[in-house]
Amino acid sequence: AVPCVSGGLPKPTNITFFSINMRNILQWSPPEGLQEAELTYTVQYFIRYGQKKWLNKSECRNINRTCCDLSVETSDYEHQYYAKVKAIWETNCSKWAETGRFYPFLETQIGPPEVALSTDEKSISIVLTAPEKWKRNPEESSISMQQIYSNLKYNVSVYNAKSNRTWSQCVTNRTLVLSWLEPDTLYCVRVETFVPGPPRLAQPSEKQCVRTQKDQTSALK
Amino acid sequence: QEFQFGPCRVEGVVLQELWEAFWAMKDIVQAKDNITNVRLLRKEVLQNVSNAESCYLIRALLKFYLNTVFKNYQDKAADFRVRKSFSTLANNFVVIVSKLQPSQENEMFSVSDSARRRFLLFQRAFKQLDIEAAQTKAFGEVDILLTWMEKFYQL
Amino acid sequence: DGVAILPAPQNLSVQSTNMKHLLTWSPVMVPGEIIYYFVEYQGEYESLYMSHVWIPSSWCSPTKGPECDITDDITATVPYNLRVRATQGSETSAWSTLKPPFNRNSTILTPPGMDVTKDGFHLVIKLEDLGSQFEFLVAYWRREPGAKEHVKVVRSRGIPVHLETMEPGAAYCVKVQTFVKAIGRHSPFSQAECVKVQGETLPL
């Protein structure tokens with residue numbers, strides 16, 4: 001590649017890792033004032049905090065987009081990492097813009113759990129499945145985020161559409177049965193994962209609604 | 001909710017308070033650490049620590065933080081958020097250390113010795129750096145320390 | 001530095017209830033003048049390891065009123081030294097220091113407010129939001145002779161929480177106390193409140 005004049009461009013801005021379930025995407029914004037320019041970007045990552053080398057991310061050399069998937073390079077979540085990106089335009093390029101120290105174990109967002117609802121006349125059973133850790137390829141064996149965070153909890157909120165009331169319950173195990181519900185009533189459930197520790201963003205699950213069955217005794221009358 | 005470092009039990013410290021204190025200053029403190037090719041709390045220091053060792057090790061580490069890492073740091077911490085968070089961490093470390101009473105019996109010598117060797121790995125790496133750079137680096141690694149301490153926190 | 005003609009604030013004291021700590025003092029009176037106060041603190045660490053270091057209070061450096069909410073500054077269960085001084089223009093008073101130092105383990109804990117309701121057969125409780133320091137020990141029992149008391153630890157605050165699925169026709173009673181992890185102390189229990197599944201909340 002033709003060497004460029006470093007510092008000829010302002011640096012990219014807002015460089016940060018967006019991480020969910022250990023999928024770690026480096027993202028940034030174009031340099032100030034150059035949002036419309038036809039720039040390309042090149043990414044390097046620091047093999048890990050405590051080591052020596054900056055390495056090129058070959059798939060993110062001279063790219064147009066403003067993101068780069070570094071999940072493979074940052075997959076040992078008990079280590080910390082840095083990454084940097086520079087902007088290039090013809091023979092000019094910016095200095096490197098560098099992330100802060102990224103610690104996947106503490107900073108990754110825990111995605112919403114899978115929520116399976118089944119119902120009968122007066123009860124709803126809720127089966128929760130913790131999200132899976134990101135994996136390189138589908139053949140790789142799955143690891144649940146629950147295996148990584150043994151203190152993972154679920155905050156289940158239940159909305160009774162008839163009484164217009166909501167109540168919640170904090171649970172650690174995967175199954176929960178709501179019994180003695182009102183028959184023929186719509187209930188909506190939303191679940192959020194929670195891990196004690198540093199403040200962490202959490203994505204609640206999509207609201208799912210289910211109607212309890214009609215009261216069989218009144219149906220026979 | 002309390003810490004259970006092997007036989008040593010510590011009440012009256014809420015780990016969430018320490019996390020929130022450190023998180024408020026993490027970016028500021030870690031940005032000042034330019035020696036990214038050195039990690040003081042390496043895996044060899046904290047990995048596979050037995051319960052029995054943990055009381056000795058945490059006591060040595062926290063005393064070092066109080067006596068050496070935090071020393072004079074408060075004078076340099078111009079940013080108010082850092083000063084406040086620093087005070088929260090330091091005062092809670094004082095509480096933890098005051099409640100750690102590791103056994104001094106002879107048969108515990110091999111355990112305490114193993115913990116001491118781990119601590120010396122950390123201390124040697126610290127001493128190879130300029131004191132201020134080392135203080136900044138050790139302070140920036142409190143997230144690694146709290147992550148390890150969380151394993152001994154009984155919810 | 002102004003010569004200390006201005007009198008130092010007197011009668012420093014801390015009122016602390018449910019982990020909310022309020023430092024108060026007698027106002028310094030100078031007719032026709034506005035007096036500002038500066039509050040600073042040091043925890044046991046600072047007094048042991050660097051006694052020259054005082055940290056400005058989060059909300060009261062400066063403040064006009066003769067009081068200061070120091071809740072955000074007291075973040076460990078250790079003795080805290082607190083001091084206040086008055087300023088008027090360039091004049092500054094001497095520091096007044098609280099004696100003895102304040103420790104949050106002396107806070108007064110009161111029974112929490114609670115709202116016991118039902119949603120069909122479900123006993124639901126909403127607890128007063130006293131802050132992240134608080135957990136709630138909720139005791140509930142079926143109102144009948146020899147009924148067993150159940151206890152549930154609730155950490156959610158200010159939102160309705162499911163407590164129990166009730167059996168038709170039964171009445172259930174609930175009382176609650178707070179637990180503050182940081183100081184290892186409970187509040188007294190609240191008054192009990194009872195709910196009947198197909199009726200209104202019963203007075204005790």
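Small disclaimer: the values here were computed from a predicted structure and weren't measured.

Novice: Where do I start with the overall build of chain C in this structure?
Specialist: The number of helices and strands found in chain C is one helix and 17 strands. Rg of the C-alpha trace for chain C: 23 Å, well past the compact-globule value of 17 Å for 204 residues, more than 25% over. On the principal axes, the C-alpha backbone points of chain C span a range of 75 × 40 × 25 Å. Total accessible area on chain C stands at roughly 9400 Å², and carbon and sulfur atoms take up 53% of it. Side chains of chain C give 18 positive and 21 negative charges; the mean places of these two sets differ by 6 Å.

Novice: In this structure, what is going on with the interface of chain B and chain A? I would like to understand it.
Specialist: With 22 residues of chain B at the contact, the number on the chain A side is 22 residues. Summed over both sides, the interface of chain B with chain A buries roughly 1800 Å², with 53% coming from carbon and sulfur. Of all residues in chain B, the largest losses of buried area upon contact with chain A belong to W23(B), T36(B) and R39(B), amounting jointly to 29% of the total for that side. Between K43(B) and D76(A) there is a salt bridge; the shortest N-O distance is 3.7 Å. For the pair chain B and chain A, the interface holds 12 residue pairs in polar contact (both at pLDDT 80 or more). Looking at the side of chain B that touches chain A, the elements with two or more residues in it are helix 1 (15-31), helix 7 (131-140) and helix 8 (142-150) of chain B.

Novice: Looking at this structure, how should I read the pattern of salt bridges?
Specialist: Proximity of charged atoms lets side chains of opposite charge pair with each other. Applying the stated criterion across every chain yields a total of 25 salt bridges over all chains. One salt bridge connects R101(A) with D33(B), and the closest N-O pair in it is separated by 2.9 Å. One end of the pair, R101(A), is in the loop between strand 9 (97-98) and helix 1 (104-107); the other, D33(B), is in the loop between helix 1 and helix 2 (43-46), on a second chain. Taking relative accessible area as the criterion, R101(A) reaches 5% and is therefore assigned buried. Note on D33(B): relative accessible area 5%, which makes it buried. Across the pair R142(C) and E167(C) runs a salt bridge, and its minimum N-O distance is 3.1 Å.

Novice: Looking at this structure, how should I read the environment of R65(A)?
Specialist: Residue and element names in this part refer to chain A. Of note, R65 is situated in the loop between strand 5 (54-56) and strand 6 (67-69). It is 42 Å that separates the C-alpha atoms of R65 and Y159, two residues lying 94 residues apart in sequence. Within the local environment of R65, its side chain forms a polar contact with the backbone oxygen of C67, the two atoms lying 3.0 Å apart.

Novice: How should I be thinking about the environment of P7(B) in this particular structure?
Specialist: All names here are of chain B. On the secondary structure map, P7 appears in the loop between strand 1 (2-5) and strand 2 (8-10). On the basis of relative accessible area, P7 is assigned to the exposed category, the value being 62%. Considered as a pair, P7 and Q74 are 67 residues apart in the sequence and their alpha carbons are 33 Å apart.

Novice: Just to check I follow, could you spell out the interface of chain B and chain C for this structure?
Specialist: Where the parts come together, the accessible area they lose is often given as the size of the interface. Contacts between chain B and chain C engage 23 residues on the former and 27 residues on the latter. Summing both partners gives a buried area of about 2000 Å² for chain B against chain C, and 52% of it is carried by carbon and sulfur. Among the residues chain B hides against chain C, the three largest losses belong to Q1(B), K84(B) and N91(B). Together they make up 25% of the total. Between the two partners, chain B and chain C, sit one salt bridge. R104(C) is the salt-bridge partner of E17(B), the closest N and O atoms lying 3.1 Å from each other. For the side of chain B that touches chain C, the leading source of residues is helix 5 (residues 80-99) of chain B, giving 11 residues. Class assignment of the residues belonging to the side of chain B that touches chain C gives a composition of nine nonpolar, nine polar and five charged.

Novice: Is there a simple way to think about the packing of helix 1 of chain B against helix 7 of chain B in this case?
Specialist: All names here are of chain B. Viewed as axis vectors pointing N to C, helix 1 and helix 7 meet at an angle of 140°, and their least axial separation amounts to 9 Å. Considered as vectors, helix 1 and helix 7 are oriented oblique to each other. Crossing angle aside, the handedness with which helix 1 passes helix 7 is left-handed. Across from F22, M25, V29 and Q30 in helix 1, the residues of helix 7 making contact are T136, F139 and G140.

Novice: Explain helix 5 of chain B to me, please; I cannot follow it from the model alone.
Specialist: Since the α-helix packs 3.6 residues into each turn, any two residues three or four apart lie on the same face. When the terminal C-alpha atoms of helix 5 of chain B are compared, their 29 Å separation across 20 residues agrees well with the 28 Å that a helix rising 1.5 Å per residue should span. The element helix 5 of chain B is extensively covered by neighbouring structure, given that 16 of its 20 residues are classed as buried.

Novice: What's the story with the side chain of Q169(A) in this structure? I'm lost.
Specialist: Note that Q169(A) resides in strand 13 (residues 165-171). Ignoring any residue separated from it by four or fewer positions in sequence, one finds Q169(A) in contact with Y154(A), N155(A), V156(A), L176(A), L178(A) and H162(C).

Novice: Just to check I follow, could you spell out the state of the cysteines for this structure?
Specialist: Under the defined criterion, the tally for this structure stands at six disulfides over all chains. Disulfide pairing places C188(A) opposite C209(A) at an S-S distance of 2.1 Å. On the sign convention where negative means left-handed, the S-S torsion of about 105° between C188(A) and C209(A) marks this disulfide as right-handed. Taken together, the positions of C188(A) in strand 15 (residues 186-194) and C209(A) in strand 16 (residues 208-211) put the pair 21 residues apart, joining distant regions of the chain. A residue is classified by how much of its surface remains accessible, and C188(A), at 5% relative accessible area, is buried. Take C209(A): its relative accessible area is 39%, and that puts it in the partly exposed class. Here C60(C) engages in a disulfide with C68(C); their sulfurs sit 2.1 Å apart. Taking the sign of the S-S torsion, about 95° here, the bridge from C60(C) to C68(C) comes out right-handed. Here C60(C) and C68(C) have matching classes, each one buried. Indicated for chain C is the disulfide connectivity 1-2, 3-4, based on numbering the bonded cysteines in sequence order. Numbered by position along the chain, the disulfide-linked cysteines of chain A connect as 1-4, 2-3, 5-6.

Cut-offs used in this document
Residues numbered from 1 in each chain as written. Chains lettered and ligands numbered in written order. Predicted model: local features only at pLDDT ≥ 70, side-chain atom pairs only at ≥ 80, totals over all residues. Heavy atoms only, no water. Helix = DSSP H or I, 4+ residues; strand = E, 2+ residues; numbered from the N terminus. Rg over C-alpha atoms; globule rule 2.2 N^0.38 Å. Areas by Shrake-Rupley, 256 points an atom, 1.4 Å probe, with all protein chains shown as cover. Lys, Arg positive; Asp, Glu negative; His and termini not counted. Charge placed at Lys NZ, Arg CZ, Asp CG, Glu CD. Contact = heavy atoms within 4.5 Å. Buried area = accessible area lost by both parts, 1.4 Å probe. Salt bridge = Lys/Arg side-chain N within 4 Å of Asp/Glu carboxyl O. Polar contact = N/O pair within 3.5 Å; in protein donor to acceptor, adjacent residues only side chain to side chain. Buried < 20%, exposed > 50% of the residue type's maximum accessible area, 1.4 Å probe, protein only. Nonpolar A, V, L, I, M, F, W, Y, C, P; charged D, E, K, R; others polar. Axes fitted to C-alpha atoms, helices over the stretch in contact; angles between N-to-C directions. Parallel < 35°, antiparallel > 145°, perpendicular 65-115°, else oblique. Left-handed = near helix turned anticlockwise from the far one by under 90°. Expected span 1.5 Å × (residues − 1). Disulfide = S-S within 2.5 Å.

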